[in-house]
Amino acid sequence: MANSFTRMMSGRHTAVILASIGAGTLASGYLLSDHVAAAAERTRLYPPSADYPDLRKHNNCMAAALTPTIYGHLRDKKTPNDWTLDQCIQTGVDNPGHPFIKTVGMVAGDEESYEVFAELFDPVIKDRHNGYDPRTMKHPTDLDASKVTSGMFDERYVLSSRVRTGRSIRGLSLPPACSRSERREVERVAVTALSGLKGDLSGRYYSLKEMSDREQQQLIDDHLLFDKPVSPLLTAAGMARDWPDARGIWHNNEKNFLIWINEEDHTRIISMEKGGNMKRVFERFCRGLKQVEHLIQERGWEFMWNDRLGYVLTCPSNLGTGLRAGVHIRLPILSRDPRFKRILDNLRLQKRGTGGVDTAATGDTVDISNLDRLGKSEVELVQLVIDGINYLIECEKRLEKGQDIKIPSPILQFRK
Amino acid sequence: MSDNIENIELLGTIGIFVSTPDSNSPQIRQQGSAMPFGNTHNKAKMNYDSDQEYPDLSKHNNHMAKILTPAMYERLRSKETPSGFTLDDIIQTGIDNPGHPFIMTVGCVAGDEETYEVFKELLDPVIEDRHGGYKPSDKHKTDIDPANLKGGDDLDPDYVLSSRVRTGRSVRGFCLPPHCSRGERRAVEKLSIEALASLTGDLNGKYYALKNMTDAEQQQLIDDHFLFDKPVSPLLLASGMGRDWPDARGIWHNDNKTFLVWVNEEDHLRVISMQKGGNMKEVFNRFCTGLTKIETLFKERNHAFMWNEHLGYVLTCPSNLGTGLRAGVHVKLPNMSKNAKFEDVLKKLRLQKRGTGGVDTAAVGGVFDISNADRLGFSEVELVQMVVDGVKLLVDMEKKLEKGQSIDDIMPAQK
């Protein structure tokens with residue numbers, strides 16, 4: 001069992017410790033000055049203004065927040081693991097975005113990114129999370145599923161229910177920045193912990209690298225398999241490096257609790273089932289999460305979390321709860337009603353196609369989930385989804401009978 | 001947590017050196033010395049053993065995967081070039097692209113001129129493997145005097161539809177496309193624009209920045225088959241060459257549309273001379289004249305091209321070292337290409353076939369792109385001579401096969 005000292009020795013702070021106990025040896029003066037001279041010369045030849053990206057055609061949160069002044073302050077800074085601002089924003093520079101869809105345009109390489117580059121991350125977070133100000137606000141965490149009410153949907157409309165989030169392992173770099181050994185360490189830590197789950201949560205790990213064709217086909221048929229990212233948003237951030245090394249899928253025997261390892265985050269945790277029992281889905285979600293957290297803590301690890309940003313994940317859009325709770329729902333009449341979008345907006349809900357983000361709806365089935373991630377707790381968000389879905393079903397029923405529907409008043413946010 | 005960050009930053013600025021746990025000689029990882037553009041800059045990886053970091057290359061078929069060993073990885077993993085390019089940066093593209101059982105890609109790239117020196121332990125054997133046994137002690141000869149080419153003005157235009165010579169050049173003092181910053185890339189573009197603007201006569205031309213071109217200009221460049229697009233090949237993207245697209249990328253061409261320069265695509269400069277028909281001599285003439293002029297103009301601005309007597313012209317991909325030259329034709333060989341001896345003839349002539357869309361495309365209508373297979377160890381003149389002589393022979397063979405005659409008596413010897 002690794003105590004915190006052992007973990008530190010094998011972790012990122014070894015450099016500090018070795019240096020402070022005098023274990024460092026001096027390198028030749030020539031080598032040193034070669035590097036230092038090269039660095040100084042480059043800074044002289046290329047001031048921040050020479051490197052400032054051309055963002056005139058860009059529509060993402062990073063491009064809206066970045067200024068030459070901020071870039072000048074941050075360009076030469078690094079996190080303890082050498083991660084830089086240019087690396088954070090590369091994906092936003094390479095993907096100008098879409099006039100209708102505002103992407104985030106930056107990622108974190110490690111937990112410290114959010115601190116070292118706060119001058120840019122904070123306004124981006126505020127923009128993306130509807131005015132949540134990380135400088136002044138605190139994020140509430142609440143995984144007590146018993147607090148949720150009315151979580152059983154009419155199954156004539158709701159086909160399936162799902163809750164997902166992500167968790168990062170403190171002390172290891174995030175997918176854009178991690179080395180192969182760090183990524184393999186994430187896999188080891190997660191898989192070891194998951195092997196300790198019991199009862200209805202007991203399950204098995206399938207490494208992407210080693211799975212048999214039959215296993216692969218089964219996972220595809222069950223809609224559980226994730227594939228190498230092709231989205232340029234992800235590949236430009238370096239998340240597909242070394243694929244499929246140290247990537248895999250764990251699921252329980254019932255196939256309703258599922259963990260993705262080293263895809264877009266260290267771990268993505270998913271609880272799902274057919275039908276409308278969102279309460280049970282959320283209950284299993286919370287229970288599973290707490291048990292996994294306990295199992296990694298036994299071995300001296302913990303999740304990245306702080307009270308400013310909640311759970312720390314790769315993309316700023318997933319900070320806070322990282323939670324997306326949603327349903328696949330049939331709303332044939334309502335989804336064609338011109339008021340549909342406004343109703344969703346006011347309920348703080350979002351629609352996606354049934355393939356997930358950036359896909360189109362098939363038939364009358366849409367994926368509806370919460371818009372927000374940060375500033376509200378897990379319980380609050382799931383309750384919001386439950387109440388919202390129930391409202392949508394009510395609207396559909398009324399429209400079926402030829403009755404009129406009302407646009408609900410908007411749910412309060414922190415902004416104004 | 002913030003305490004530790006302060007400590008580490010402070011240590012960085014006052015220059016504490018730390019030895020890596022697994023190396024015999026001291027190495028520096030000092031903060032502030034490295035350029036932050038590689039995608040694999042990561043201090044924490046040095047806290048893990050080399051074995052834990054070693055990539056899984058069990059399904060790979062590329063030169064890098066064949067040469068790299070755990071012992072070599074361990075020796076090289078803590079090194080970096082003065083601009084901060086590391087071993088992991090070099091090999092990332094080879095890890096991410098396992099390759100194809102039939103096509104052996106290189107699997108590594110250089111981030112700057114010094115890469116080939118600092119990481120010679122890996123790159124020399126890769127070069128030897130890729131370039132037909134070229135040894136670390138070999139010298140490469142450069143010859144861009146078009147007068148030395150014999151013939152080449154009489155390839156049959158009924159068969160040879162077009163002729164083309166291309167090469168690349170890197171500008172000394174700047175990092176290469178996988179590693180360069182936006183500032184450096186823009187500086188390369190600026191220099192190129194200045195130098196090319198001074199060309200005159202039949203080389204008088206115009207620069208089109210990818211970023212600023214009008215729709216009309218773009219359409220014209222597409223119609224002329226000049227426009228290059230953002231790389232989609234994972235081979236290129238995985239090495240970081242697509243970053244910041246289309247910033248500082250552009251195309252220059254002369255008014256006659258026979259001489260073309262790509263700026264900041266896969267190399268700093270790609271220089272192309274081409275025209276319809278079979279007059280390779282004229283194409284090569286223009287190629288040499290233009291290149292020599294451009295080199296002079298760059299030198300006047302205190303920026304030579306990257307070159308040394310062992311590797312010749314230094315380019316991003318080790319496959320393009322030496323001459324970086326691909327001289328080729330689009331030639332109609334519907335009969336020859338179906339002949340069982342086609343591959344063997346090409347091999348003997350030291351030629352290579354591609355589809356008419358360039359590398360990794362298929363041939364359309366029996367028309368093939370035939371070019372030299374070699375880049376390093378032969379001079380420019382020698383390579384173009386091989387193409388000229390070889391294509392002549394292929395056309396003769398095609399004509400014989402058309403008439404139902406055998407080609408056995410004109411089979412070439414191995415060059």
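Residues numbered from 1 in each chain as written. Chains lettered and ligands numbered in written order. Predicted model: local features only at pLDDT ≥ 70, side-chain atom pairs only at ≥ 80, totals over all residues. Heavy atoms only, no water.

- Looking at an unreviewed UniProt entry, one finds chain B named creatine kinase, with Zoarces viviparus as its source organism.
- Looking at chain B in UniProt, the text filed under Sequence similarities (unreviewed entry) is "Belongs to the ATP:guanido phosphotransferase family." (UniProt positions renumbered as here; feature names shortened; annotations may be inferred.)

- An unreviewed UniProt entry annotates chain A as Creatine kinase S-type, mitochondrial of Zoarces viviparus.
- Database annotation for chain A, UniProt heading Function (unreviewed entry): "Reversibly catalyzes the transfer of phosphate between ATP and various phosphogens (e.g. creatine phosphate). Creatine kinase isoenzymes play a central role in energy transduction in tissues with large, fluctuating energy demands, such as skeletal muscle, heart, brain and spermatozoa."

### So, the packing of helix α12 (residues 342-349) of chain B against helix α13 (residues 380-402) of chain B
Residues and elements named next belong to chain B.
Here comes step 1: Between α12 and α13, whose axes approach to 10 Å, the crossing angle comes to 155 degrees. Taken together, the axis directions place α12 and α13 in an arrangement best described as roughly antiparallel. Note on packing geometry: the crossing formed by α12 with α13 is right-handed. Residues Phe342, Val345, Leu346 and Leu349 of α12 form the contact with α13, whose participating residues are Met386, Gly390, Leu393, Leu394 and Met397.
Here comes step 2: In terms of residue class, the contact of α12 with α13 is built from eight nonpolar, one polar and no charged. (Axes fitted to C-alpha atoms, helices over the stretch in contact; angles between N-to-C directions. Helix = DSSP H or I, 4+ residues; strand = E, 2+ residues; numbered from the N terminus. Parallel < 35°, antiparallel > 145°, perpendicular 65-115°, else oblique. Left-handed = near helix turned anticlockwise from the far one by under 90°. Contact = heavy atoms within 4.5 Å. Nonpolar A, V, L, I, M, F, W, Y, C, P; charged D, E, K, R; others polar.)

### Side note on empty space enclosed by the protein
Sizing a probe to match a water molecule and rolling it over the atoms shows the empty space that remains.
Residue and element names in this part refer to chain A.
Here comes step 1: Applying the stated rule across the entire model yields six cavities of 30 Å³ or more.
Here comes step 2: Each pocket or cavity is described by its volume, and for the second largest cavity that value is around 80 Å³.
Here comes step 3: Around the second largest cavity, the lining residues are Arg167, Ile169, Ala190, Leu194, Ile259, Thr267, Ile269, Leu289, Val292, Ile296 and Phe303.
Here comes step 4: When contributions to the lining of the second largest cavity are tallied by element, the ones reaching two or more residues are α10 (180-194), β5 (267-274) and α13 (278-298).
Here comes step 5: Examining the composition of the lining of the second largest cavity, we find that three residues originate from one element, α13, more than from any other.
Here comes step 6: The class makeup of the residues in the lining of the second largest cavity is nine nonpolar, one polar and one charged. (1 Å grid on protein atoms, 1.4 Å probe; cavity = no way out; pocket = protein on both sides within 12 Å on 5 of 7 lines; lining within 4 Å. Points joined across faces, edges and corners; volume = space filled by probe spheres on them.)

### Focus on the sheet that holds strand β4 (residues 259-263) of chain B
Sheets are built from strands that pair by backbone hydrogen bonding, the pairs being arranged parallel or antiparallel.
Residues and elements named next belong to chain B.
Here comes step 1: Here we have eight strands laid out as an open sheet, ordered β2-β3-β4-β5-β1-β8-β10-β9, and antiparallel in their pairing. Only two strands of the sheet have a single partner each, and these edge strands are β2 (205-209) and β9 (351-354). Across the sheet, the mean angle separating the axes of adjacent strands is 20 degrees when strand polarity is ignored.
Here comes step 2: Note: strand β3 (residues 250-254) against β4, four bridges, orientation antiparallel. Bridging across to β4, His253 finds its partner in Leu260.
Here comes step 3: Its contacts with the sheet put α12 on β9 and β10 (367-372), and the angle it makes with β9 is roughly 130 degrees.
Here comes step 4: The strands touched by α13 are β1 (160-169), β8 (326-332), β9 and β10; relative to β8, the strand with the most contacts, the crossing angle is about 10 degrees. (Pairing = 2+ DSSP bridges.)

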